[in-house]
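Chain residues, written in single-letter form:
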Amino acid sequence: MTWPTLPPPARLLVISGPSGSGKSTVIQRACALEPRLVRCLSCTTRAPRGAERDGVDYWFLSQEEFDRRAAAGGFLEHAVVFGKASYGTPRAFVEQQLSAGNSVIKDVDVQGAAQIRASFPQAVQVFLIPPDADEVERRLRGRGTDADEVVARRLAEAEREVARWQHYDYLVVNAEVERAAADLLAVLRASALRIPPR
Ligand code: ADP
Ligand code: 5GP
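Attention here is on the structure that accompanies the text. None of these values were measured; they are calculated from a predicted model.

In this section: the pattern of salt bridges. Considering all chains together, one arrives at 15 salt bridges under this definition. Measuring nitrogen to oxygen at the nearest pair gives 2.9 Å for the salt bridge that ties Arg-29 to Glu-178. On the criterion of sequence distance, the pair formed by Arg-29 in helix H1 (residues 23-33) and Glu-178 in helix H7 (residues 177-192) is long-range, its members being 149 residues apart. According to the relative accessible area criterion, Arg-29 is partly exposed, its value standing at 30%. Of the charged contacts in the structure, one is a salt bridge between Asp-146 and Arg-143, with a shortest N-O distance of 3.2 Å. For Arg-143, a relative accessible area of 42% translates into the label partly exposed. A cluster of three or more residues bridged by salt bridges with shared partners is formed by Asp-132, Glu-135, Arg-138 and Arg-139.

If you trace the 4 strands from one edge of the open sheet to the other, you get S4-S3-S6-S5, paired in mixed fashion. Strands with a single pairing partner mark the edges of an open sheet, and in this sheet they are strand S4 (59-60) and strand S5 (75-81). Examined bridge by bridge, S5 and strand S6 (residues 85-90) share 6 bridges and lie antiparallel to one another. Its bridge partner being in S6, Phe-75 is matched across the sheet by Pro-90.

Rules and cut-offs
- Chains are numbered independently. Their residues run from 1 in the order of the written sequence.
- Labels are handed out in written order, letters beginning with A for the chains and numbers beginning with 1 for the ligands.
- Under the rules for a predicted model, residues below a pLDDT of 70 receive no local features and side-chain atom pairs below 80 are neither given nor counted, while totals for whole chains, interfaces and linings still include all residues.
- Side-chain calculation: all heavy atoms of the structure are included, whereas hydrogens and water are not.
- By definition, a salt bridge exists where a carboxyl oxygen of Asp or Glu is found within 4 Å of a side-chain nitrogen of Lys or Arg.
- Working definition: helices are DSSP H or I runs of at least four residues, strands are E runs of at least two. Numbering for both runs from the N terminus.
- Only protein chains enter the calculation, and the probe is 1.4 Å; a residue is then buried if its accessible area is under 20% of its type maximum, exposed if over 50%, and partly exposed in between.
- One bridge is not enough; two strands pair if DSSP finds at least two bridges between them.

What follows is the structure, given as structure tokens:
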């Protein structure tokens, strides 16, 4: 008899949700709880702002280098944001970490997640939301990083993003950071135990 076995447990977790839903906070907590879960940074062609550092906040690339990698299929998804800089999810980092047995978590917007569904269909896609619509605004204002017009734009974007929630595999409600981080890790664990489709 051939005994059942599962593929290796490392997974790419893609996480989307409106700005202010708590993606950065929950990712940071989940990675602190699970040493075999690493965050994937984005590559970008924009210049570092303030104290931002290469390899800590973003991987900063020249436009030429970005375009070269994009042409070679080096991004799981990429986009031009605000008509200016390019941003992308580096394929090599994800593949190296998965081969080393680490799971990878990356936050991307709903368009990026749709691209990853095509370029890397084995990724597990999670949508993160606050407990109710008003809480998005409270958190954006509470974070204190955005001017009023930026908050207004992010709220309009939030509505468009939330409309896509049913395209994801799992929904995590971030009412409480500790619980949401535990839920993310539960998704990872359940995904590792899933019998692959025949
Ligand atoms: P995102 O990365 O999705 O834009 P952040 O992680 O920056 O969101 O969170 C937005 C704000 O909400 C931050 O000020 C953060 O401290 C706060 N926050 C995140 N999760 C919770 C939570 N469960 N309860 C209360 N505040 C939260
Ligand atoms: P900022 O330049 O302010 O740090 O980020 C601007 C925007 O870039 C973010 O809100 C996000 O939508 C987008 N962005 C950041 N990383 C990525 C990425 O890896 N892929 C895509 N498609 N967009 C990204």
